Amino acid sequence: MTDHTSRTTAHTATERTITSSAAGEPLDVLVIGGGVGGSYAAWRLLTGEVADDTSGIPSDPSARRVALAEASHRIGGRLESPAAPGAPELHAEFGGMGFTSHNTILTALVDDVFDLRAQPFPRGGGSNLFYLRGERFTADQLANGYEVPYQLDAADRGKGPMTLIVDAIERVLPGATGYSPAEWKQVQADTIFAGRHLREIGLWNFLLMNMSAEAFAFAHDATGHFFEVSNWNCAQALPWLLGDGNASYRTLTDGYDQLPITCAKRFVDAGGLLQTELAAEGIAANDDGTLRVSFGDAGTADARRVVLAMPQRALELLAPSSIVLGRPDLSPAVGSVTGHRVMKIFLAYDTPWWQQLGITDGSSSTDLPLGQCWYFSPVAGQGNTNSLLMASYNDTLATTYWEGLEGGQAFVNPAGTGPFWSAQAPSALMVEEVQRQLAEVHGSVTIPAPYAAAYRDWSVDPFGGAFSTWNVGADADAVEAVMLQPDPTVPLHVVGSTYSSDQGWAEGALATAERLVTERLGFARPPWLPARAS
Ligand SMILES: Cc1cc2nc3c(=O)[nH]c(=O)nc-3n(C[C@H](O)[C@H](O)[C@H](O)COP(=O)(O)OP(=O)(O)OC[C@H]3O[C@@H](n4cnc5c(N)ncnc54)[C@H](O)[C@@H]3O)c2cc1C
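Here goes a summary of the coordinates provided.

Rules used throughout
Residues numbered from 1 in each chain as written. Predicted model: local features only at pLDDT ≥ 70, side-chain atom pairs only at ≥ 80, totals over all residues. Near = placed C-beta within 6 Å. Helix = DSSP H or I, 4+ residues; strand = E, 2+ residues; numbered from the N terminus. Nonpolar A, V, L, I, M, F, W, Y, C, P; charged D, E, K, R; others polar. Buried ≥ 20, exposed ≤ 12 C-beta atoms within 10 Å, placed from the backbone. Pairing = 2+ DSSP bridges. Axes fitted to C-alpha atoms, helices over the stretch in contact; angles between N-to-C directions. Contact = placed C-beta atoms within 7 Å. Parallel < 35°, antiparallel > 145°, perpendicular 65-115°, else oblique. Left-handed = near helix turned anticlockwise from the far one by under 90°. Arc of directions from axis to C-beta. Core = buried A, V, L, I, M, F, W, Y, C linked by C-beta atoms within 7 Å.

1. Considerations on the site of the ligand
- Near the ligand lie 40 residues; those nearest to it are Gly33, Gly35, Gly77, Gly96 and Gly496.
- Residue assignment for the shell around the ligand shows that the elements contributing at least two residues are α1 (36-47), α10 (312-318), β18 (342-349) and α16 (506-520).
- Taken together, the residues that form the shell around the ligand break down as 23 nonpolar, 14 polar and 3 charged.

Below, the structure written as structure tokens:
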């Protein structure tokens, strides 16, 4: 299967390797982890303007030696967008899939710096479905006061799930939907609820103490996911939940992973050293203050500065053989977030069967274990009607349901669908069961057999979850600052979305990388970045 021609690939080093460079001068910076955070950090560190030289990084970019090491065979991490078999313009977004107009760094990169092809990301129309407690109703019906199968109080009847959540929040914080970032900072610092600071209580606690159990059950079931309303740090969760209310959504036409791939390509084009299939296994300090990173049998590399652009689980795997990371006094910071288990199953069909029901691209949701499904109809000029369905986007408890169906006979993808689809094929039983649940959700429509299927559960190493949320009690701002350089005497830094205020968004990874580069390493703010963005 050929990929879309507009897609860019990042070329890895062929002549020099990161480990062989240890024979000469140490690298100025070694970035470890080729997700969006690491690829962006590497590109900025190689090409950015040094405003003050406290970091020791040469001010002349052509004199800088910056390298990026990635454990897997590909750049992108939790952005992974293989083309759909038979419909190469449709990308199966197994990780992140869309961004909002509030994602300032990302929007500037896409529109102004890299000029990537972007398009609106539909979230669903009036015919898209809810299937809850065995009842099927459309978004239009809900908007027109459909009586949902929950024992709602009179004042809650006719309200949608998000309105119920907003009402619960505004009972404590009137006008919260309109708070500015500065106002949220104030609220996070000052608000006491039930005798506790907001960060000392969980979101689930807060919501259930401000809405009826049935209203909460409806709001929870209608999202199709649990993590969003789970018991994570309320001070961080509230602005996160409300933050996207008035945002517009877009996606990258050639796949979301084009963002990290383009960062990595620009990095390589500017003389950066990129090597994939190179996993860091430990970090030690040399006598001269540089750091030595070991890559197992592949050797070692010395660097004056090391940036770890990876999630909590990857840090935990490195910790036993690494300075700083393994220290007991850092464990509260590393452990201040929890990774959430999330799984997606994609199916390809030869027809967009959902259109018979008037369903448009976007999502439907259910309290069945499939959680959410997202429709991707053929694009204009595609030449066939092949279509893509994110047949299940499920999390936490529901993910264990699908785990129980793994193994046994695999679903057979047709020849030529490419290595990704073969490697990620679900069991035939998983496909049969997701088809059964889709039929239950959609009712009176015959669902054809899919011709291709793949799934991805992000709880595997080194990810430990699709995204993390701050634990109750964590002081997120303080931890984010600590992780940028856990020990002021050691040139070791951590960036990525995990310890950011935009968890679950690629923007969080970019924002921490940008903070490191400008606030800690003395680089100038890039001219393309709008004021107050990071
Ligand atoms: C299912 C799902 C849905 C999402 N939805 C959205 C969305 O709609 N919009 C959005 O913006 N974001 C979304 N996100 C979140 C977004 O994908 C992440 O926030 C972002 O990709 C994280 O980037 P990162 O660089 O911090 O980490 P990662 O992408 O995890 O990158 C870390 C990299 O480090 C590498 N690595 C780990 N250990 C080592 C080692 N020892 N040596 C070398 N390399 C190593 C890994 O292989 C990986 O490539 C979603 C994520 C998932 C999984």
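Alright, that's what it looks like, and here's the rest.
2. Focus on unusual backbone geometry
- For the bond running from Asp461 to Pro462, omega is 0°, close enough to zero to count as cis.
- With respect to the element layout, Pro462 can be found in the loop between β22 (452-457) and β23 (467-470).
- The phi dihedral of Asp115 is positive, around 55°, even though this residue is not glycine.
- Counting through the fold element by element, Asp115 comes out in the loop between α2 (104-113) and β6 (118-120).
- Since 10 C-beta atoms lie within 10 Å of it, Asp115 is described here as exposed.
- Positive phi, close to 40°, is recorded for Thr396, a residue that is not glycine.

3. Some words on the sheet that holds strand β8 (residues 135-138)
- Read from one edge of the open sheet, 7 strands run β8-β7-β19-β20-β21-β18-β22, paired in mixed fashion. Looking at which strands have only one partner, the edges of the open sheet turn out to be β8 and β22. Each neighbouring strand pair of the sheet contributes to a mean axis angle of 15°, computed without reference to strand direction.
- Where β18 and β22 come together, 6 bridges link them in antiparallel fashion. Counterpart to Ala348 in the pairing with β22 is Ala452.
- Contacts between helix α14 (residues 428-442) and the sheet are confined to β7 (129-132), β18, β19 (362-366), β20 (372-376), β21 (387-395) and β22, with β7 contributing the most and set at about 105° to the helix.

4. Structural notes on the pairing of strand β13 (residues 282-285)
- Across 4 bridges, the pairing between β13 and strand β14 (residues 291-294) is antiparallel. The residue of β14 that forms the bridge with Gly282 is Ser294.
- Two successive antiparallel strands, β13 and β14, enclose a turn made up of 5 residues, where Gly289 displays a positive phi of approximately 90°.

5. A word on the packing of α1 against helix α9 (residues 258-269)
- Relative orientation of the contacting elements α1 and α9 amounts to 30°, with a least axis distance of 8 Å. Comparing the axis directions of α1 and α9 gives the class roughly parallel. As α1 runs across α9, the sense of the crossing is left-handed. Along the contact surface, α1 presents Val36, Ser39, Tyr40, Ala42, Trp43 and Leu46, while α9 presents Leu259, Pro260, Cys263, Ala264, Arg266 and Phe267.
- Of the residues belonging to the contact of α1 with α9, the class tally is 10 nonpolar, 1 polar and 1 charged.

6. Some words on the pairing of β22
- Extensive coverage of β22 is indicated by the burial of 6 of its 6 residues.
- Every second residue of β22 is oriented toward a common face, with Ala452, Ala454 and Arg456 on one face and Ala453, Tyr455 and Asp457 on the other, all of them buried.

7. Structural notes on the packing of helix α4 (residues 161-172) against helix α7 (residues 213-223)
- The N-to-C vectors of α4 and α7 enclose an angle of 130°; their axes lie 8 Å apart at closest approach. Of the possible angle classes, the one that applies to α4 and α7 is oblique. As α4 runs across α7, the sense of the crossing is left-handed. Contacts between α4 and α7 involve Pro161, Leu164 and Ile165 on the former and, on the latter, Ala215, Phe218, Ala219, Ala222 and Thr223.
- Each residue belonging to the contact of α4 with α7 can be placed in one class, and the counts come to 7 nonpolar, 1 polar and no charged.

8. Notes on α4
- Burial in α4 covers these residues: Pro161, Leu164, Ile165 and Ile169. The buried residues of α4 occupy an angular sector of 130° when the element is viewed end-on, so they sit on one face.
- For α4, the elements touching its buried residues are α6 (203-208), α7 and α8 (234-242).

9. As for the nonpolar core
- Counting 146 residues, the largest nonpolar core has Leu30, Ile32 and Ala41 as its most contacted members.
- When near neighbours in sequence (up to four residues on either side) are disregarded, Ile32 contacts Gly38, Ala69, Ala280, Val293, Val306, Val307, Leu308, Ala309 and Met310.

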